[in-house]
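# Inside the fold
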Amino acid sequence: MTKATVSLQAINDVKEFVNLVMRYDFDIDLVSGRYAVDAKSIMGIFSLDLSKPIELNAHTDDAEAFLQDINKFLVK
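Before going into details, it helps to say that this report is about the structure given with it. None of the values given here were measured: they were computed from a predicted structure. (Residues numbered from 1 in each chain as written. Predicted model: local features only at pLDDT ≥ 70, side-chain atom pairs only at ≥ 80, totals over all residues. Heavy atoms only, no water.)

## Points about the overall build of the protein chain
Convention followed: Labels follow the DSSP assignment, with helices taken as runs of H or I lasting at least four residues and strands as runs of E lasting at least two, numbered in each case from the N terminus. We compute the radius of gyration over the C-alpha atoms and compare it with the globule rule, which gives 2.2 Å times the number of residues raised to the power 0.38. To sort residues, take the accessible area from a 1.4 Å probe on protein chains only and compare it with the maximum for the residue type: under 20% means buried, over 50% means exposed, and anything in between is partly exposed. By definition, residues are in contact when any of their heavy atoms lie within 4.5 Å. Per-residue and other accessible areas follow the Shrake-Rupley method at a 1.4 Å probe size, with only the shown protein chains counted as cover for residues. Asp and Glu are treated as the negative residues and Lys and Arg as the positive ones, with His and the ends of the chain left uncounted. The location of each charge is read from NZ of Lys, CZ of Arg, CG of Asp or CD of Glu.
A count of helical and extended segments in the protein chain gives three helices and four strands. Written out in order from the N terminus, the α and β elements of the protein chain read β-α-β-β-α-β-α. For the protein chain, whose C-alpha radius of gyration is 11 Å, the value lies close to the compact-globule estimate of 11 Å for 76 residues. Its C-alpha atoms give the protein chain principal-axis dimensions of roughly 30 × 25 × 25 Å. The proportion of buried residues among the 76 residues of the protein chain is 41%. Of the contacts made within the protein chain by residues no fewer than 6 positions apart, 66% connect residues no fewer than 24 positions apart. Summed over all atoms, the accessible surface of the protein chain reaches about 4,700 Å², with 49% contributed by carbon and sulfur. In the protein chain, 8 side chains carry a positive charge and 12 a negative one; their mean positions are 7 Å apart.

Below is the structure:
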């Protein structure tokens, strides 16, 4: 599993993020506090507190291309 932290501040960020993660066939979860949602679900993402960075869990060992695609959303 690959872990990262992402920030999704605006509605357009969420749309773009979901369009990117939909390209990958492995499971990707977003975790905020005690809530975990499917990163491919726009409604799920909007149920999270987007004012804070969100933990991302990609269920793959080969996430290099994925992380490059979502680079603009990564919190460094």
